[in-house]
Structures are given as structure tokens and as C-alpha cells.
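Breakdown of the fold
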Amino acid sequence: MRRTVFNEDHEAFRETIRAFIEAEVVPVYDEWFAAGQAPRDFYYKLGELGIFGINVPEEFGGAGMDSHKFEAVLYEETARAGVQFGGSGVHVLLALPYINMLASDEQKKRFLPKFVSGEEMWAIAMTEPGTGSDLAGMKSTAKLSEDGSHYVLNGAKTFITGGVHADKVIVCARTAAPTAEDRRHGISLFAVDTKSEGYSVGRKLDKLGLRTSDTAELAFVDVKVPVEDLLGEENKGFSYLGHNLASERWGIAFGAYAQAKAAVRFAKQYVQERTVFGKPVAAFQNTKFELAACQAEVDAAEAVADRATEALDAGELTPAEAASAKLFCTEVAHRVIDRCLQLHGGYGYMNEYPIARLYADNRVNRIYGGTSEIMKMIIAKDMGL
């Protein structure tokens, strides 16, 4: 089936990204994997390539695009090569929508030029130890000073991707207590400078997958945040978080589909080259049937991912549709990648093979951005159940 989601501009971008990955990432990726993070200077290269500015308005140094299709190309090309761009996905997919939506013109003038160049990398800190997906249960606080010039931030966050290299972090904290009627009330968002006194990065977490993206614990002890760095209105943070969940879940869904597609590519190549009992593994009927079944699932996931992309660009992707796309694509990827690893035999368990890394990288897709169980709850509620 012919895809219609991408045009000539997207395909030209794809060629550029593919060449960049082959020249700048693949030769050193094993070093990044061993180190547990991409080097900081790599992000300057992404800035020079223009990746960080695609959805940034032109007056702030970006390309002024209003589309997620270039991000979709990035998902496909990084998965195809079996690599990750470190923690840069959070910089663009998660942090930027909040800046574009909430920042004042003055804030955008301060934040976006350095965002585009990679001079300042951004992360977002929502999750706290002990709260998980229950964001309304967060305990971090930001209290306005007596003179009204700054907030005093205290608390801790965990599972913060990009947290080691981040120069700015969007921190979610309580500026007011929850009410009996609404426990989500009282959350605000702040753009926090990581060089601030009292701000500290704890452990760089040792993850099962996504080894090249730095993920950390953060702590705040009497961190002074200027009132000029409040994003949006005070106490309305929870509604802002909900507004951007659809695009976040689209990104996870599309990324999972791209990983599943890459897994079939890796497995097909392997079984054609690997010989057992005097003939290629691809010659066995079971191999043909397994890969055919996987390809059928990938085709279905591609259709769902593309439809969600078009809806997101049109501003029509509902929370339930985003949840459905995430649930379907991540579950498909789980099944497909597992079956493709099985076709590699023992070699599929070795990290030198991209299928092994893909298997580990993919697992978190059914957890972050809302677990599969949360997605089912959202879909069921939309169904009136």
C-alpha cells in the first residue's frame, strides 16, 4: 500500500538524516552505549543540522513548521539504523510544546534561540519517587517569596530523561494545596536553570534500555526561581500537562511502530545471511511464516501511526485516539520485536546485534507516557464504560 503521509520535503529530509546517522552516529554508537549517554557536543551537531528548530517560529531562529511529520521521519530513521539520539527527543517532543504554548514573547526571546542551537538543552520533570503516573500526588513545592520576586522550590524528581545534560528543566511543583473537590489543583510549571544554587543531579539511572539517553534523579533545596520563569498561569499546570499528552503519546506510538518495522528489517537480513543445516534460515517455512505475520502487524501499525500523525497535524487527535494509537502500536512492537529476536537465536541476545538493543529499548514504551493499563482506562471511558 502506498503511503501518503510524507511528501518530497519529508523524503529529502530523510536522505539528509540517513546520511548524518551513517557519518556521525553509527561509527561511535558503541562508545555511547558503553558510556550510557551521548556526548554533550553531539547536541550542538543536531542544532547545526536544524533538528531542534523545525517547530520553532522563524523569528526565534527556527523553521516555523507546524507539523510532526519531520519528527516521524526521525523516528523511522533512527530505528532503521538501530540508534538513538541520546536525550534529545525530550528536548523537542516534550519540552518544546510547553514553551510554544505557554511562554510569553519575552520568555521565547530568552529561551528559543539557545534551544534551537543546542546551547541549552531542556528536559521536563514531572514524576516523583512514590507517585508514578499519579501526577496529582506530587509533593514538590514552589512558594512565592515575601517580596514576590521569586519562588522557592523544594522537592525531588525521578526518571528524568535528559536530566544529566539539561541546562533548563520544566519543573512541575505545587504552588497551592489541592482542594477537596480537585486534588489536581495547585500545580504550576517553571523553567528552572540547572545552574541555580540548591539544584542538584543525583544518580544517573542504570536503565534496561535506551542506554544512550541520560536519565537522572533531581533534587531541589531552596532553589530560587524568578517569577519571570513561571510558564503560563499559576495553579493551572495540570491542565497544561493534559493538553500535551496527546502529542507525547503520538510520539511513543510512532516510535514503537518504527521500531517494529526496523526489527523486521534486521530479522530479514539476518535469516538471509545465517546458514543452518546447510541452508539459509530464511529457507525454512517457519521463518517465512513468522516474518510474514510480523510484516502484517507492522502494516497495521503503520496505518494507525500515519492516521494519528495526520490527525495530530490537523489538531484533531483526541486523548482517546492518542491512547488507542499508543496502546496498539506499542503492543504490536512488543510482539514483533520478540518474534524477530527469536529468529536470531542466541545471537539475538547479544548486545552487538541491534535486535537485542531494540528489544530492551522498546520495553519502556508500554510504561512511560502512561502505561498500557492507563491507556485502556482512557479508551474505555471514551466508550462510555
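Computed from a predicted model, the values in this text were never measured in an experiment.

Scoring rules and cut-offs
- Chains are numbered independently. Their residues run from 1 in the order of the written sequence.
- Given that the model is predicted, a residue must reach a pLDDT of at least 70 before its local features are reported, and side-chain atom pairs must reach 80 or more before they are shown or counted; all residues, however, enter totals for whole chains, interfaces and linings.
- Side-chain numbers here rest on the full set of heavy atoms in the structure, without hydrogens or water.
- In this text, helices come from DSSP runs of H or I with a minimum length of four residues, and strands from runs of E with a minimum of two, each type numbered from the N-terminal end.
- Radius of gyration: over C-alpha atoms. The globule rule applied is 2.2 Å multiplied by the number of residues raised to the 0.38 power.
- Working definition: with a 1.4 Å probe on protein chains only, accessible area under 20% of the residue-type maximum means buried, over 50% means exposed, and in between means partly exposed.
- Between two residues, a contact is recorded if the distance between any of their heavy atoms is within 4.5 Å.
- Here the Shrake-Rupley method, with its probe set to 1.4 Å, supplies the accessible areas, and only the displayed protein chains count as covering residues.
- Just so you know, the count uses Lys and Arg for positive and Asp and Glu for negative, and it drops His and the chain ends.
- Charge positions are represented by NZ for Lys, CZ for Arg, CG for Asp and CD for Glu.
- Ring pairs shown here join Phe, Tyr and Trp side chains whose ring centres sit within 6.5 Å, with only the six-membered ring taken for Trp; geometry is labelled stacked below 30 degrees between planes, edge-to-face above 60, and tilted in between.
- Cation placement over rings: the criterion is NZ of Lys or CZ of Arg within 6 Å of the ring centroid and within 35° of the ring normal.

Across its full length, the chain holds 12 helices and 10 strands. Its C-alpha atoms give the chain a radius of gyration of 21 Å, within 12% of the compact-globule value 21 Å for 385 residues. A principal-axis box enclosing the C-alpha atoms of the chain has dimensions of 80 × 50 × 40 Å. Among the 385 residues that make up the chain, the fraction classed as buried is 52%. Residue pairs at least 24 apart in sequence account for 75% of intrachain contacts in the chain once pairs closer than 6 positions are excluded. Per element, the accessible surface of the chain, about 18000 Å² overall, is 53% carbon and sulfur. Separation of charge centres in the chain, based on 42 positive and 54 negative side chains, amounts to 6 Å.

It is worth spelling out the packing of aromatic side chains at this point. Here the structure, examined in full by the defined rule, presents 16 aromatic pairs. Seen in terms of ring centroids, Phe254 and Tyr257 are 5.3 Å apart; in terms of plane orientation they differ by 85°. Their pairing is edge-to-face. Of the two residues, Phe254 and Tyr257 are both situated in helix H8 (residues 245-273); the distance of 3 residues between them amounts to about one turn of the helix. What makes Phe254 buried here is its relative accessible area of 1%. One aromatic cluster is present, formed by Phe20, Tyr29, Trp32, Phe42, Tyr43 and Phe85 through successive ring pairs. Taking the ring centre of Tyr44 as reference, the NZ or CZ of Arg40 above it sits at 4.8 Å.

The next thing to look at is the environment of Gly36. As for its position among the elements, Gly36 is in the loop between helix H2 (29-35) and helix H3 (40-49). Linking Gly36 and Val304, residues 268 residues apart in sequence, is a C-alpha distance of 32 Å. Residues within four places of Gly36 in sequence aside, it is in contact with Lys204, Arg211, Thr212, Ser213 and Asp214.

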